[in-house]
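Structure assessment
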Amino acid sequence: MLDRPQSTAEAPILDERRLAQAMSGHHLIGGRFVPPKSGKTFAVVNPATGEEIGRAAEGDAADVDAAVQVADAAQKEWAKMASRKRGALVSQCAALLREHVEELARLIALETGKALRTESRVEANTIADIFEFFGGLGGELKGETVPFAPNVLSVTIREPLGVVGAIIPWNVPMLLMALKVAPALVAGNAVVVKSAEEAPLTVLRVCELVNRILPPGIYNMLSGFGPECGAPLVAHPKVRKVTFTGSVEVGRIVSKAAAEKLIPVTLELGGKSPMLVFADCDFEKTVAGALTSMRFTRQGQSCTAASRIYVERPIFQRFVDAMAERVDAMVMGDPLDEKTDIGTIISKEQFGKVQKYIDQGKATAGADGRACSAMPSDPALKKGLFIRPHIFTNLPDDSPLVQEEIFGPVTCIFPFDEVEEVLAKANGTEYGLAASVWTNNLKVGMELAHRLEAGLVQLNQNLVVQANLSYGGVKSSGLGKEASLEAMLEHFMHKKTIMVNYA
Ligand code: NAI
Ligand code: MG
């Protein structure tokens, strides 16, 4: 019956180097691994050692066309399936992904330098959760009845959009992909994903696993570079929706290309998320919360990282010292070592970018930059892209470190005196993704929750995106929402009105 992909093995592969090799050199189209039409591949590098761990297919417009044509044909059949049955298949994918958490965690740690215990395993578990959540929503694709006139039944029904093009980044590639693919599929679309050039292998494995359960052609995966492979995917006439996570700069390019075709687009872009700490907060919980908020275990490579921390003056210095002390206690090292808290930066390019901000901060008159934790001593890691977490104080508000997304382990802490003053600063960047407020005064906290310009505001916690929470930014941080039932209904389906005149 269905043509299954040539899966490399049925059981999880816990040898991450072998799995990286097995995932090399191919796209996944129509349920099968296929080589790139050009025959070209590019290196995938372990950022902890600099070694080449595999090679990814270098996709171009010809591969995009092949994938989209296959997806378009498969989507028509997929959309005919009862939506709860589609959901049930997606739920089965969740169960299979759970069985493979450990293998996926090991491979993503190898590929991206994210520590196994603190990050990689968490991400692998979360994708299973996301598939499980959306798998349960197949019965929720409901429309409305609309009062129109006597003897006229007017209803809306929801229909899938067709082929969805999904472009994903490298920081949490499995998770950000799952947030797009799982709802798109349950809604009855087919998907063609373009992975990030820095992290193409683990997401390909996820796609391969899921293709053991789904009919071929509805979930396809291409690897390649942005302009050569991402741009033709956005431009392809049969792609009827684009969902993108990445930089503001590329978000604008994708949005313009989508506008040319008049297709809907969802954009999850950058952030410069403020954390507001009041003197009446639970001090220890908030210091611990600052470490989580800053995503130091992900080397700060998060769009919701609390990269600006405003602390009420009476506790400012104590807070800075306590935070630095805690970051000092975090262990930087081999991402695959269970003892490691902090791994590496993803690539030389990002390493250079983050280092430049640190140098700029250090060169700023009056500013203090505190380097925390310690470089790993293992000689095997001497080429690793490790950057010590930095905590800056006394930076001017208009410093690039305060205004721009660094996407590295660098945060800036400021004292404040007045609520209005701190609110103006918190809202004073082009971004509006996330914010957190730490206080035991619920009145102040709730007032700020309303007035902060952000898609997600949390009081006394700062979690990463979770299934079932509407997630997405305002201002330059993006367009549209992900992760919730509403996101699936509004961003992966359209409404059709049907009127029946029985007069
Ligand atoms: P990027 O925005 O260049 O890459 C994201 C994805 O877009 C990749 O798959 C890439 O191949 C693709 N892409 C690039 N150019 C394209 C084009 N013309 N058409 C279609 N697709 C294209 O991000 P990059 O260069 O990896 O990181 C740069 C900065 O972006 C980071 O320092 C960070 O500030 C931000 N970023 C934000 C992320 C988020 O989660 N919101 C994730 C990754 C990066
Ligand atoms: Mg780029």
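Structure: above.
Keep in mind that what you see is a predicted model, and the values were worked out from it rather than measured.

Looking now at unusual backbone geometry. The backbone of Arg295 shows a phi angle near 55°, a positive value even though the residue is not glycine. Mapped onto the secondary structure, Arg295 falls in the loop between helix H10 (283–293) and strand S13 (308–312). Assessed through its relative accessible area of 3%, Arg295 is described here as buried. Unlike most non-glycine residues, Asn460 shows phi in positive territory, near 60°. As for its placement among the helices and strands, Asn460 is situated in the loop between strand S18 (456–459) and strand S19 (478–479). Owing to a relative accessible area of 24%, Asn460 belongs among the partly exposed residues under this scheme.

A separate point is the site of ligand 1. Ligand 1 sits among 25 residues. The nearest are Trp170, Lys194, Glu197, Ser247 and Lys353. Here Lys194 contributes a side-chain N or O atom positioned 2.6 Å from an oxygen atom of ligand 1. One of the backbone nitrogen or oxygen atoms of Leu269 is found 2.9 Å away from a nitrogen atom of ligand 1. Protein chains bury 90% of the 810 Å² of accessible surface belonging to ligand 1 in isolation.

With that settled, consider the packing of helix H2 (residues 61–80) against helix H8 (residues 226–235). Contact geometry for H2 and H8: axes closest at 8 Å, N-to-C directions at 40°. Classified by the angle their axes make, H2 and H8 are oblique. For the pair H2 and H8, the crossing hand works out as right-handed. For the pair H2 and H8, contact is made by Ala61, Val64 and Val68 and by Glu228, Cys229, Pro232 and Leu233, respectively.

Conventions we followed
Residues numbered from 1 in each chain as written. Chains lettered and ligands numbered in written order. Predicted model: local features only at pLDDT ≥ 70, side-chain atom pairs only at ≥ 80, totals over all residues. Heavy atoms only, no water. Helix = DSSP H or I, 4+ residues; strand = E, 2+ residues; numbered from the N terminus. Buried < 20%, exposed > 50% of the residue type's maximum accessible area, 1.4 Å probe, protein only. Near = heavy atom within 4 Å. Polar contact = N/O pair within 3.5 Å; in protein donor to acceptor, adjacent residues only side chain to side chain. Areas by Shrake-Rupley, 256 points an atom, 1.4 Å probe, with all protein chains shown as cover. Axes fitted to C-alpha atoms, helices over the stretch in contact; angles between N-to-C directions. Parallel < 35°, antiparallel > 145°, perpendicular 65-115°, else oblique. Left-handed = near helix turned anticlockwise from the far one by under 90°. Contact = heavy atoms within 4.5 Å.

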